[in-house]
Amino acid sequence: MKRIYILISLMIMAGATYAQTADDALRYSKQYFNGTARSAAMGGAFGALGGDFTGIAINPAGLAVYRTSELTFSSNLNFNDTKSLNLQANTSLNEDKYSFGISNIGYVSTNKPRIESEGGWQNFNFAIGYNKLNTYRKNARSNAPEAPTSLLDVMVNNSNGISPNSLNSFREFLAYDTYLMDVVENTNNEYEAITSEILNQAQTIDEKGYAGEFLLAFAANYNHKLYIGGSLGIQSIYYKSTKAFSESILSDSDSDFNDYTFEESFKSSGVGANFKLGIIYKPEQWLRLGASIHTPTFYSFDEEYHSSMASNFNTADENGDSSYYSQSPEGKYSYKYRTPLKATFSAALVLKKRLILSADYELIDYSKAKFYDGDDGEDFNGTPGNPDTNDIIKASYQNTGNLRTGLEFRATPNFSLRAGYAKMGNSFKVSDADDSFDVFSGGFGFRQNNFFMDLAYSYADVENQFVYYSTPDFASDQIKENNKKHEVKVTFGFKF
């Protein structure tokens, strides 16, 4: 895929080992509004409906639809099954991961004027709470048996002409310090790898984290026809990744070298703020139209990272050692990041209080994401010949649309059935890079007096392709990753 070679090769040209990347921009900008089970079951299509706490995060005007105060709590169980297929060797490995968490806590207060009237302002509502926006949880394993190239080749190329003491302390120096590469005698710091044999490669990835939003919202209902609202959102992101890449000799090799493992650990946390404004209009009792705009979220991020290398040989040295280990210093970096602006247009049909059909169309231009104000004065802007992160974002991403649709059928006054479908659009500008995916969902809801309970199940199959390493001259095997995401969500609520 062009995604692999455009993004990774450009980052190598930019000379970054630990740096903010275009992939980070996409990770921090993608959000999925399904904190409550009702919204999750209906595909997150609540921009014109209101009356649901997650709907407030999409369109704050939906808060004005509430007629009674409400308290909700939602939890979720996630199961991710990741299959990694080597497209050249046709080998595959599976790994899975379970996680449990809180996806929503919300409180809504409805307030009516002291003097009620049939027309004019009917109620002024307030809400405070939390919605989970994304989950970064994945375990993955992949391999490349009898790989034609080696990561050591990349490290040698990056090191040539540089003295050992000046090598990158998070990467190349670790290979030098564990005897995986050395300076060729009688050369001006030209390096060679410990072996030129064909090696077996393997990689494991462990990711964890979340994105969530605490919101404070106000909304008003005018004559049960026009609903307006606004909110302040405080978003938080936590992401942690541990990646271990290893290379080992083939079973019939007689080399003194046996194997090595290169491990990279990365942790990022950020806090940001945004504003949202929305409107819902009911031209008819059965029709609702909605629109909302979300300002960019302005984040401050702190990162921590380190790496290590461990090598193993078949014979011991003069000190009796056959295994070597080297660790980088602890790295820290802070910067700011701005997500793209987002707009949502919505419509819903409410037929005889038995059937609801709803749809949201969300517009977002990922090429407008921007890193800025790094610790060292970095603005993340480069030149045409030496692009930096913001240049890669502009060249790689595009304006796209996300479609969310939902259905609810009230089978009895106390029991409802729900279904949903969402199509997440392609973020990439290049023709044969595509990260779009579908989400299918369903569920039911039960209401009795002032208590209600909702249950939802959703499924998504997200595909990704990557390489272990890449240079302008060669790359590792391509890995196709299919991440099947299953989620069960339950919401308990009380009206008062």
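Whatever comes next refers back to the structure up there.
All of the points below concern the structure found in this document. (Residues numbered from 1 in each chain as written. Predicted model: local features only at pLDDT ≥ 70, side-chain atom pairs only at ≥ 80, totals over all residues. Heavy atoms only, no water.)

1. Observations regarding the overall build of the protein chain
Using the following cut-off: Helix numbering and strand numbering both begin at the N terminus, where a helix is a DSSP run of H or I of at least 4 residues and a strand a DSSP run of E of at least 2. Classification of residues uses two cut-offs on accessible area relative to the type maximum, computed with a 1.4 Å probe and protein chains only: under 20% is buried, over 50% is exposed, and between them is partly exposed. In this analysis, two residues are considered to be in contact whenever any of their non-hydrogen atoms come within 4.5 Å of each other. Counted as positive: Lys and Arg. Counted as negative: Asp and Glu. His and the chain ends are not counted at all. Where a charge lies is defined by one atom per residue type, namely NZ (Lys), CZ (Arg), CG (Asp) and CD (Glu).
Each helix and strand counted, the protein chain has seven helices and 21 strands in total. Each principal axis of the C-alpha distribution contributes one length, and for the protein chain these read about 95 × 45 × 40 Å. Relative to its 496 residues, the protein chain shows a buried fraction of 51%. The long-range share in the protein chain, meaning contacts at least 24 apart out of those at least 6 apart in sequence, stands at 71%. Of the side chains in the protein chain, 44 bear a positive and 58 a negative charge, and the two mean positions are spaced by 20 Å.

2. Quick look at unusual backbone geometry
One non-glycine residue, asparagine 189, adopts positive backbone phi at about 60°. Of note, asparagine 189 is situated in the loop between strand E5 (181-183) and strand E6 (191-193).

3. Let's talk about the packing of aromatic side chains
The condition is simple: Any Phe, Tyr or Trp ring, taking Trp's six-membered ring, that has another such ring centre within 6.5 Å forms a pair; planes under 30 degrees apart are called stacked, those over 60 apart edge-to-face, and the others tilted. Comment: the charge-over-ring label is applied if NZ (Lys) or CZ (Arg) is within 6 Å of the ring centre and within 35 degrees of the ring normal.
Using the criterion set out here, one finds 35 aromatic pairs in the structure. Aromatic side chains tryptophan 121 and phenylalanine 124 sit 5.9 Å apart centroid to centroid with 35° between the ring planes, which places their arrangement in the tilted category. An angle of 55° between the planes, with centres 6.3 Å apart, marks the rings of phenylalanine 466 and tyrosine 468 as tilted. Just as phenylalanine 466 is buried, tyrosine 468 falls in that class too. Through pairs of rings, three or more aromatic residues link up here, namely Tyr28, Tyr299, Phe301, Tyr333, Tyr335, Tyr337, Phe371 and Phe380. One Lys or Arg, arginine 27, reaches over the ring of tyrosine 239 and ends 4.0 Å from the middle of that ring.

4. Considerations on the pattern of salt bridges
For clarity, the threshold we go by: We define a salt bridge as a side-chain nitrogen of Lys or Arg found within 4 Å of a carboxyl oxygen belonging to Asp or Glu.
Counted under the stated rule, the structure contains 20 salt bridges. Across the salt bridge formed by arginine 38 and glutamate 408, the nearest N and O atoms sit 3.1 Å from each other. Of the two residues, arginine 38 sits in helix H3 (residues 37-41) while glutamate 408 sits in strand E17 (residues 399-412), which places them 370 residues apart along the sequence. Accessibility classification places arginine 38 together with glutamate 408 in one group, the buried group. Residue aspartate 373 pairs with lysine 336 through a salt bridge whose shortest N-O separation is 3.4 Å. Here aspartate 373, found in the loop between strand E16 (370-372) and helix H7 (389-396), pairs with lysine 336, found in strand E13 (residues 331-338); they are 37 residues apart in sequence, far enough to count as distant. Look at the salt bridges and you will find they share partners, linking Arg38, Glu408, Arg418, Arg447 and Asp454 into a network.

5. Overview of the environment of lysine 138
How we decide: Identification of polar contacts relies on pairs of N or O atoms within 3.5 Å, with a donor-acceptor requirement for protein atoms, meaning one able to donate a hydrogen and the other able to accept it, and with residues adjacent in sequence counted only if both atoms are side-chain atoms.
One can find lysine 138 in strand E4 (residues 138-147). A relative accessible area of 11% places lysine 138 in the buried class. Along the primary structure lysine 138 and leucine 77 are separated by 61 residues, whereas in three dimensions their C-alpha atoms are 14 Å apart. Residue contacts for lysine 138: discarding those within four places in its chain leaves Thr82, Lys97, Ile205, Asp206, Glu207, Glu481 and Asn483. In terms of polar contacts, lysine 138 uses its side chain to reach the side chain of glutamate 481, at 2.7 Å.

6. A short note on the environment of serine 328
Residue position: serine 328 is located in the loop between strand E12 (323-327) and E13. Residue serine 328 is classed as buried on the basis of its relative accessible area of 6%.

7. Overview of the pairing of strand E11 (residues 298-313)
The following threshold applies: At least two bridges found by DSSP between two strands is the condition for calling them paired.
One ladder, built from 16 bridges, connects strand E9 (residues 257-284) with E11; its direction is antiparallel. Residue pairing across strands places tyrosine 260 opposite serine 311, the latter belonging to E11. Bridging between E11 and E13 involves eight bridges; their strand directions are antiparallel. Across the sheet, residue tyrosine 299 finds its bridge partner in E13, namely tyrosine 337. Of the strand pairs in this sheet, E11 and E12 are connected by five bridges, and their pairing is antiparallel. Each residue of the ladder has a partner; that of serine 308, found in E12, is glutamine 327.

8. Points about the nonpolar core
Which entries qualify depends on this criterion: In plain words, nonpolar cores are sets of buried Ala, Val, Leu, Ile, Met, Phe, Trp, Tyr and Cys residues tied together by side-chain atoms within 4.5 Å.
Among the nonpolar cores identified, the biggest contains 52 residues, and Ile56, Leu63, Tyr335 and Tyr337 are the most heavily contacted of them. Filtering out sequence-adjacent residues up to four positions away, tyrosine 335 remains in contact with Gln20, Tyr28, Ser268, Tyr299, Ser300, Phe301, Glu303, Phe371, Tyr372, Asp373, Gly374 and Phe380. With 26 residues, the next largest nonpolar core counts Ala144, Val156, Phe245 and Phe466 among its residues.

9. A look at a positive patch on the surface
Formally: Patch membership is restricted to residues that have no salt bridge and whose relative accessible area is over 30%. Joining uses 9 Å for like charges and 5 Å for the nonpolar side chains Val, Leu, Ile, Met, Phe, Trp and Tyr. We get accessible surface area from the Shrake-Rupley algorithm with a probe of 1.4 Å; when it comes to residues, only the shown protein chains can shield them.
The grouping of Arg67, Lys112, Lys353, Arg354 and Arg410 at the surface amounts to a positive patch. Structurally, the position occupied by arginine 354 is in the loop between strand E14 (342-351) and strand E15 (355-365).

10. Observations regarding the side chain of glutamate 487
Relative to the elements of secondary structure, glutamate 487 occurs in strand E21 (residues 478-495). Polar contacts involving the side chain of glutamate 487 include one to the side chain of asparagine 76, which spans 3.4 Å. When residues no more than four places from it in sequence are discounted, the contact partners of glutamate 487 are Asn34, Asn76, Leu77, Asn78, Ala456, Tyr457 and Ser458.

11. Here's the deal with the layout of surface pockets
Definition in use: Residues are said to line a cavity or pocket when one of their atoms sits within 4 Å of a point; the points come from a 1 Å grid over protein atoms alone, cavities being sets where a 1.4 Å probe fits but cannot get out and pockets being open sets with protein on both sides within 12 Å along at least five of seven lines. Grid points are joined across faces, edges and corners, and a volume is the space filled by probe spheres set on the points. Put simply, Ala, Val, Leu, Ile, Met, Phe, Trp, Tyr, Cys and Pro go in the nonpolar bin, Asp, Glu, Lys and Arg in the charged bin, and everything else, Gly too, in the polar bin.
In this model, the second largest pocket occupies a volume close to 1100 Å³. As for the second largest pocket, its lining consists of 42 residues, and the residues nearest its centre are Arg38, Gly51, Val65, Arg288 and Arg410. Only strand E1 (70-86), E15, E17, strand E18 (415-424), strand E19 (437-448), strand E20 (451-467) and E21 provide two or more residues apiece to the lining of the second largest pocket. For the lining of the second largest pocket, the residue count by class is 15 nonpolar, 13 polar and 14 charged.

12. Some words on helix H2 (residues 22-29)
Owing to its 3.6 residues per turn, the α-helix aligns residues three or four sequence positions apart on the same side. Within H2, seven of the eight residues are buried, which leaves the element mostly enclosed by the surrounding structure. Taken as a whole, H2 has its buried residues at Ala22, Asp24, Ala25, Leu26, Arg27, Tyr28 and Ser29.

13. Let's talk about empty space enclosed by the protein
If a probe as big as a water molecule is rolled over the atoms, it shows which places are left empty. Applying the stated rule across the entire model yields two cavities of 30 Å³ or more. Lining the largest cavity, in full, are Ser29, Gln31, Gln235, Asn274, Lys276, His294, Thr295, Thr297, Thr339, Pro340, Lys342 and Ile364. Residues that form the lining of the largest cavity fall into these classes: two nonpolar, eight polar and two charged. Here the second largest cavity is characterised by a volume of approximately 50 Å³. Surrounding the second largest cavity, Ser29, Lys30, Gln31, Tyr32, Lys342, Glu362, Ile364, Tyr366, Asn402 and Met424 form its lining.

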